[in-house]
Amino acid sequence: MTALAVALGGSSDIIGVLAFARARGFKKVVLVQPGSPESRSATGVKKQKVSRSQVPEKAPSANFYNNPSMLEALVGFDQDDMLSGYYLSQPKDDGKGFSASTLEMTSQVLQQIAADESCTEIIGLDFGGDVALPGSTEGAFIVERDLLNLRAAMAAAKKLKIPAAMVAVSPGCDAAAVAPAYESFRAQAGQTPLAFEMGPGGKLQLMDKPPPACTLRLLPQSLFSKRMVEVEAGFTLQLRGVVDQIMALATSEDIVQHSSKTYWIFDQIAREKERRGPDEPFFIMGTMRSAEGARAHLHSSFGTGVYELSEP
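Just so you know, these numbers come straight off a predicted model, no measurement behind them.

A. Highlighting helix 1 (residues 13-23). For helix 1, a buried count of nine out of eleven residues is recorded, marking the element as mostly surrounded by other parts of the structure. Burial in helix 1 covers these residues: Asp13, Ile14, Ile15, Gly16, Val17, Leu18, Ala19, Phe20 and Ala21. One or two residues past the end of helix 1 sits Gly25, with phi positive at roughly 95°.

B. Spatial organisation of the pattern of salt bridges. The tally for this structure, following the rule as stated, stands at 15 salt bridges. A salt bridge links Arg271 to Asp244; the shortest N-O distance between them is 2.9 Å. Placement of Arg271 in helix 8 (residues 262-276) and of Asp244 in helix 6 (residues 229-247) is noted, with a sequence separation of 27 residues between them. Here the residues in one salt-bridge network are Arg240, Asp244, Asp267, Arg271 and Glu274, joined through shared partners.

C. Structural detail: the packing of helix 6 against helix 8. Two elements in contact, helix 6 and helix 8, have axes whose closest approach is 10 Å; the angle formed by their N-to-C orientations is 115°. Between helix 6 and helix 8 lies a crossing of left-handed hand. Along its contact with helix 6, which presents Phe235, Thr236, Leu239, Arg240, Val243, Asp244, Ile246 and Met247, the element helix 8 presents Tyr263, Trp264, Phe266, Asp267, Ala270, Arg271 and Glu274. Its residues assigned to classes, the contact of helix 6 with helix 8 comprises nine nonpolar, one polar and five charged.

D. The side chain of Glu232, seen in detail. As for its position among the elements, Glu232 is in helix 6. On the basis of relative accessibility, which here comes to 11%, the residue Glu232 falls in the buried class. In this structure the side chain of Glu232 is engaged in a polar contact, spanning 2.6 Å, whose partner is the side chain of Arg227.

E. Broad picture of the packing of aromatic side chains. For the coordinates displayed, the defined rule picks out six aromatic pairs. A centroid spacing of 6.3 Å and a plane angle of 55° characterise the contact between Phe127 and Phe266, whose relative ring orientation is tilted. In this pair, Phe127 sits in strand 5 (residues 121-127) while Phe266 sits in helix 8, placing the two residues 139 residues apart along the sequence. Assessed through its relative accessible area of 2%, Phe127 is described here as buried. Among the residues examined, Phe266 registers a relative accessible area of 0% and is labelled buried. When the ring of Phe196 is compared with that of Phe282, the centres are 5.3 Å apart and the planes differ by 80°; the resulting orientation is edge-to-face.

F. Fine view of the environment of Gly234. Mapped onto the elements, Gly234 comes out in helix 6. On the basis of relative accessibility, which here comes to 28%, the residue Gly234 falls in the partly exposed class. A C-alpha to C-alpha distance of 14 Å links Gly234 and Phe266, two positions 32 residues apart in sequence.

G. Region of the structure containing the sheet that holds strand 5. What the seven strands build is an open sheet, ordered 3-4-2-1-5-8-13; its pairing is mixed. Whereas interior strands pair on both sides, the edge strands pair on one side only; in this sheet they are strand 3 (46-50) and strand 13 (306-308). Sheet twist, expressed as the mean angle between neighbouring strand axes with direction ignored, is 25°. In this sheet, strand 4 (residues 83-89) lies alongside strand 2 (residues 28-35) in parallel orientation, the contact comprising seven bridges. Residue pairing for strand 4: Pro34 is matched across the bridge by Leu88. Those strands touched by helix 1 are strand 1 (2-7), strand 2, strand 4, strand 5 and strand 8 (164-169), and its axis lies near 130° from that of strand 5. Docked against the sheet, helix 4 (residues 145-160) engages strand 1, strand 2, strand 5 and strand 8, running at close to 160° with respect to strand 8.

H. Spatial organisation of the nonpolar core. Residues Leu4, Ile14, Leu31 and Phe235 are the most contacted members of the largest nonpolar core, which totals 101 residues. The element that contributes the greatest number of residues to this core is helix 4, accounting for eight residues. When neighbours within four sequence positions are excluded, Leu31 is seen to be in contact with Ala5, Ile14, Val17, Leu18, Leu71, Leu74, Leu83, Ser84, Gly85 and Tyr86.

I. Summary view of unusual backbone geometry. The phi torsion at Ser11 lies on the positive side, around 45°, for a residue other than glycine. Looking at where Ser11 falls in the secondary structure, it is placed in the loop between strand 1 and helix 1. Classification of Ser11 by relative accessible area gives buried; the value is 17%. Within the chain, Ala175 stands out as a residue other than glycine whose phi angle is a positive 65°. One can find Ala175 in the loop between strand 8 and helix 5 (181-188).

Cut-off values and rules
- Residues numbered from 1 in each chain as written.
- Predicted model: local features only at pLDDT ≥ 70, side-chain atom pairs only at ≥ 80, totals over all residues.
- Heavy atoms only, no water.
- Buried < 20%, exposed > 50% of the residue type's maximum accessible area, 1.4 Å probe, protein only.
- Helix = DSSP H or I, 4+ residues; strand = E, 2+ residues; numbered from the N terminus.
- Salt bridge = Lys/Arg side-chain N within 4 Å of Asp/Glu carboxyl O.
- Axes fitted to C-alpha atoms, helices over the stretch in contact; angles between N-to-C directions.
- Left-handed = near helix turned anticlockwise from the far one by under 90°.
- Contact = heavy atoms within 4.5 Å.
- Nonpolar A, V, L, I, M, F, W, Y, C, P; charged D, E, K, R; others polar.
- Polar contact = N/O pair within 3.5 Å; in protein donor to acceptor, adjacent residues only side chain to side chain.
- Phe/Tyr/Trp six-rings, centres within 6.5 Å; stacked < 30°, edge-to-face > 60°.
- Pairing = 2+ DSSP bridges.
- Core = buried A, V, L, I, M, F, W, Y, C linked by side-chain atoms within 4.5 Å.

Okay, structure coming up:
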């Protein structure tokens, strides 16, 4: 059994989708990290297979959204030849977004990889869940990469007649939107709720004031209709294993850079939940994310949740 594991939004989703594949019991995993091309003049969807290398000697930079450096590290960590990877270069058409032709090309490339690698299922993951936000299209263009790849992966699975499993993890952790439950919990919390924020060293630290109101867009309530509780413990364990591998090679400066990543805040919330137990819920404020110009607003009740994505 081999999973074609697609990082729907690219970047940190590649770490999450590896953990999801392993939590689902797949021994052999083919990772696909879509991302921006290094050159703005690039055209067409192109795939680059990552060559197996030695075990990494240092942690990858946190800037891996437009290059395969994290993908190379993940493949390098695996010395049992059960992991391979492809970087998918996806330029935006005329800078407006992704066209129908890019969607079709992406789906065809995924089909080709799945066939070449004898994949039996296509899975995908989006940290934050913003793939479910309405208004991710503009005219004929798909604005966001995660929605492009969700559609492409689902179409590829249908064409190949193999199962597909797509999930959103830790809704709101990417600071692109917020779960509706955040304000509900905040209204019920009283004057002295337990709240943490991501500190400068990449660790959660207690806040000396209540969690603030959030003005980010609301994630649709439909996203929360099917929580996959049965995989959450396994996902948390597998993700932690990968995080520990990366951080074992990281400098203090690396940790500061990685502390804004979605996979990092998930892991820190999970560790705090284990320390606190199920009867001591808490709020979490992420570090400022430059791309969004905002901080994640989370609650422990959904901060480590895994939710099934329906077909868009």
